[in-house]
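Fold and contact review
Spelled out, the chains give:
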Amino acid sequence: MDKNLSGEDNDNIDWDTEDELEIQDTRFSSCADLRTTEQHAAGCDGEASSSSVPSKSNFIQQFAVMGFREESIVKAIEQNGENEGLVLDALLTLKALEDSPEEQPNTCSQLEPCIGSDDSSSEYNEKFMDDVYEEDSWSSDSGSDCIYSAKQCYLKDESSSLFEKEQLLVNMGYQVEEASIAMERCGPGASLVELTDFIYAAQMAREEDAYLPEDVKPKLKHMLNGSGGSMKRTLYNELCKRKKQRVICDEETIRLPKHMIGYGIPTESVSPMAKRTLPEQAIGPPFFYYENVALAPKGVWDAISRFLYDIEPEFVDSKYFCSAARKRGYIHNLPVENRFPLLPLPPCTIHEALPLTKKWWPSWDTRTQLNCLQTSIASARLTDRIRKAMEDFNGEPPMRVQKYILDECRKWNLVWVGRNKVAPLEPDEVEMLLGFPKNHTRGISRTDRYKSLGNSFQIDTVAYHLSVLKEKFPDGINVLSLFSGIGGAEVALYRLGIRLKNVISVEICEVNRNIMRSWWEQTNQRGSLIEFDDVQQLNGDRLEKLIDSYGRFDLVIGGSPCNNLTGSNRVSRDGLEGKESSLFFHYVRILDLVKLIMSR
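The following refers to the structure shown. What you see is a predicted model; the values in this text were computed from it and never measured.

Another point: the overall build of the protein chain. Counting its secondary structure elements, the protein chain contains 22 helices and nine strands. A buried classification covers 53% of the 600 residues belonging to the protein chain. Considering only residue pairs separated by 6 or more positions, the protein chain has 71% of its internal contacts joining residues 24 or more positions apart. Here the protein chain has roughly 27800 Å² of accessible surface; of this, 49% comes from carbon and sulfur atoms.

So this is what it looks like as structure tokens:
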């Protein structure tokens, strides 16, 4: 689990919850972030250098004091221009390649034999970072021909085969798995610099994650110890500084508002002067509505907005609609005037929603609302550890114990259910907090219930936005529901009193499809429910047949998977390039096809 950051409000509630944790001031938020921001950084550095370019000698000197030879610096500048970050990367990569052949200086026809065959991959990986930062290793020796061969391989790596690149990474000391993942994620056209940068960023992310076991963390601490430690520390800090500058330099045109109320909430509306204007290409049928986590990696919402007709996202936190936070971004072409909430209004505090907890709630637990409802829950071991910590003290526990317990309660949404006893929310309670009918997910395993609910809409929030459709479609509505999940959109429309004439539901999870179908039958829906299990099945021909059979779509709604966007994902937080979250582009593709077909 990730540590929760301090909230944006001053009510002692930790709003930055695990599934949407905003990574701030970190050197490497994700491997993909580095890859995508690197291109922007190059442009930013170029602009800066055009206005105030240091002299050539000063530019070379700043690398010379790090221990690099002037000849190598000049070559790196010729290849990358006066971009400090790219030059430093090139120098470090060249330096690693020059250091690697020292075990067998006389074997130079291929790069691979230049690596000592008696060095195992793991042993070489242990000392690789030390080798990179060794200040005296740039001097010429009897292995100069082999070093030249290594340089040639580096300079021609664009034309190298995939196998050669992967073998080269392994020979440089990286694990086979690391090399394979880097090749897969960066693509066949990636250069050696990009591949090593990807692997190094992943290693750094793992090193910074305090929750990973010690035995799976990369061993980088030795960089800062031993002989030459001062120089190694200087280079290490310099590299971190360059990487951080790239992330900062990345354009971030869309910023999250401090108070996520979008274009208004039931208890508070925005100023009448704050009118939004939709781009021309977004106006007209069908209405569409897209949702995803608000605190995605930098640049993600800018990209989502760009693909969805440059509509400004509406960021809303469900803490204004219920007693649990859920920061989400919505892009839609719905009207924002004359919205109305579902009645009765749901409880907006923990004690209102779960009144039995009030009896046991300690005075020093100042929470009034819950964090975002997750797909997983706390273990019995954790709740037992908290109970034992409480029982060690007759009265109030000391501040350090209170802080520990509160941190765990906020992280896992634990509530007080007895004397010194905390417990996670039950699935029925999660259903109620999210606005679903009682027993909506009952009949499947507890694990599946938590997973399905944790990935769903918050009904009251979404219904408030969709309420404007009731007047527009008094006779009912045709819905194309992409990534339907457990039917959050359908439940919201039904609770608004909007008749569901035909629903084309696309959901890959069979458990979720069963839940949706069961709800459809239990509520005696008179319309047609047509199910697909994969958005990739919806091509132009199939969509045209559906429209011919069931009529034009009035609403296209859905939220693509957030697996690669959430803050809790420290392994593959790759943004829209990730395996699951890249399905967003199918939402765009299908919406464009529907608009095209309907325009005929």
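Now that the structure has been shown, we can carry on.
Before going further, it helps to examine the pairing of strand β6 (residues 477-482). Of all the six residues making up β6, six are buried; the element is thus mostly covered by neighbouring parts of the structure. Note that β6 and strand β7 (residues 500-506) share six bridges and pair parallel. The residue bridging Leu 482 from the neighbouring strand is Val 506, located in β7. The parallel pair β6 and β7, bridged by helix α19 (residues 488-495), forms a crossover whose chirality is right-handed. Both β6 and strand β9 (residues 555-558) contribute to a ladder of four bridges, which runs parallel. Counterpart to Val 479 in the pairing with β9 is Leu 555.

A word on the pattern of salt bridges. Under the criterion given, the structure shown has 15 salt bridges. The partner of Arg 339 in a salt bridge is Glu 314, and the shortest N-O contact between them spans 2.9 Å. Placement of Arg 339 in the loop between β3 (327-332) and α12 (350-353) and of Glu 314 in strand β2 (residues 314-317) is noted, with a sequence separation of 25 residues between them. Relative accessible area serves as the criterion here: at 11%, Arg 339 is assigned to the buried category.

Below, the discussion takes up the state of the cysteines. What the rule picks out here adds up to zero disulfides. Looking at the unpaired Cys 372, the closest cysteine sulfur is the one in Cys 562, lying at 8.9 Å.

Running from amino to carboxyl end, helix α13 (residues 380-391) crosses helix α14 (residues 399-412) at an angle of 155 degrees, the nearest separation of the two axes being 11 Å. The angle between α13 and α14 places the two elements in the roughly antiparallel class. Here α13 and α14 pass one another in a crossing that is left-handed. Across from Leu 382, Arg 385, Ile 386, Ala 389 and Met 390 in α13, the residues of α14 making contact are Val 401, Tyr 404, Ile 405, Glu 408 and Trp 412. Among the residues forming the contact of α13 with α14, the class breakdown is eight nonpolar, no polar and two charged.

The omega angle of the peptide bond from Pro 285 to Pro 286 is -5 degrees, so this bond is cis rather than trans. Mapped onto the elements of the fold, Pro 286 is located in the loop between α10 (229-249) and β1 (287-293). The residue after Leu 343, namely Pro 344, is reached through a cis peptide bond having omega 0 degrees. Mapping Pro 344 onto the fold places it in the loop between β3 and α12. We note that Asn 420 has phi near 60 degrees; this positive angle belongs to a residue other than glycine. Tracing the sequence through the fold places Asn 420 in the loop between β4 (415-418) and β5 (421-423). If you check the backbone angles, Asn 439 has positive phi at about 65 degrees while not being a glycine. Within the fold, Asn 439 resides in the loop between α15 (427-434) and α16 (446-454).

It is worth spelling out the environment of Val 415 at this point. With respect to the helices, strands and loops of the structure, Val 415 is situated in strand β4. Among the residues examined, Val 415 registers a relative accessible area of 3% and is labelled buried. With 58 residues separating them in the primary sequence, Val 415 and Thr 357 have C-alpha atoms 6.9 Å apart. Discounting residues that sit within four places of it in the chain, Val 415 has contacts with Leu 354, Thr 357, Trp 361, Arg 367, Leu 370, Lys 421, Val 422, Ala 423 and Leu 425.

The next subject is the environment of Thr 461. As for its placement among the helices and strands, Thr 461 is situated in helix α17 (residues 459-466). Residue classification places Thr 461 among the buried positions, given a relative accessible area of 0%. Sequence separation between Thr 461 and Leu 434 is 27 residues; the distance between their C-alpha atoms is 9.2 Å. Ignoring sequence-local partners within four residues, the contact set of Thr 461 consists of Val 316, Ser 318, Phe 321 and Tyr 330.

This part is about the packing of α15 against α16. The geometry of α15 relative to α16 is characterised by a closest axis approach of 10 Å and an angle of 15 degrees between their N-to-C directions. The angle between α15 and α16 falls in the class roughly parallel. For the crossing formed where α15 meets α16, the hand is left-handed. Residues Pro 427, Asp 428, Val 430, Glu 431 and Leu 434 of α15 form the contact with α16, whose own contacting residues are Arg 446, Arg 449, Tyr 450 and Leu 453. Tallied by class, the residues present in the contact of α15 with α16 amount to five nonpolar, no polar and four charged.

Attention shifts here to the nonpolar core. Among the nonpolar cores identified, the biggest contains 65 residues, and Leu 466, Leu 469 and Leu 555 are the most heavily contacted of them. With near-sequence residues (within four places) excluded, Leu 555 lies in contact with Pro 286, Phe 287, Phe 288, Tyr 289, Leu 466, Leu 469, Ile 477, Asn 478, Val 479, Leu 480 and Leu 493. Core analysis: the next-biggest nonpolar cluster, separate from the first, contains 42 residues, Ala 296, Trp 301, Ala 303 and Val 506 among them.

What follows is about α19. The buried fraction of α19 amounts to six of the eight residues, a majority that puts the element mostly inside the structure. Turning to α19, its buried residues number three or more, namely Gly 488, Ala 489, Glu 490, Val 491, Ala 492 and Leu 493. The inward-facing, buried residues of α19 abut α17, α18 (469-472), β6, β7, α20 (510-522) and β9. Two residues or fewer past α19, Gly 497 is found with a positive phi of approximately 85 degrees.

This part is about the packing of aromatic side chains. For the structure on display, the rule yields 13 aromatic pairs. Here the aromatic rings of Phe 307 and Phe 585 are separated by 5.1 Å at their centres, their planes lie at 80 degrees, and the arrangement is edge-to-face. Of this pair, Phe 307 sits in helix α11 (residues 300-307) while Phe 585 sits in helix α22 (residues 584-599), placing them 278 residues apart in sequence. Taking the relative accessible area as the measure of exposure, Phe 307 reaches 38% and is therefore partly exposed. Using a relative accessible area of 32% as the deciding quantity, one classes Phe 585 as partly exposed. Within the aromatic cluster, the residues linked to one another by ring pairs are Tyr 290, Phe 307, Phe 584, Phe 585 and Tyr 587.

Reading the values: rules and limits
Residues numbered from 1 in each chain as written. Predicted model: local features only at pLDDT ≥ 70, side-chain atom pairs only at ≥ 80, totals over all residues. Heavy atoms only, no water. Helix = DSSP H or I, 4+ residues; strand = E, 2+ residues; numbered from the N terminus. Buried < 20%, exposed > 50% of the residue type's maximum accessible area, 1.4 Å probe, protein only. Contact = heavy atoms within 4.5 Å. Areas by Shrake-Rupley, 256 points an atom, 1.4 Å probe, with all protein chains shown as cover. Pairing = 2+ DSSP bridges. Right-handed = clockwise from strand over helix to strand, strands pointing away. Salt bridge = Lys/Arg side-chain N within 4 Å of Asp/Glu carboxyl O. Disulfide = S-S within 2.5 Å. Axes fitted to C-alpha atoms, helices over the stretch in contact; angles between N-to-C directions. Parallel < 35°, antiparallel > 145°, perpendicular 65-115°, else oblique. Left-handed = near helix turned anticlockwise from the far one by under 90°. Nonpolar A, V, L, I, M, F, W, Y, C, P; charged D, E, K, R; others polar. Core = buried A, V, L, I, M, F, W, Y, C linked by side-chain atoms within 4.5 Å. Phe/Tyr/Trp six-rings, centres within 6.5 Å; stacked < 30°, edge-to-face > 60°.

Limitation: the analysis is restricted to geometry and does not speak to function.
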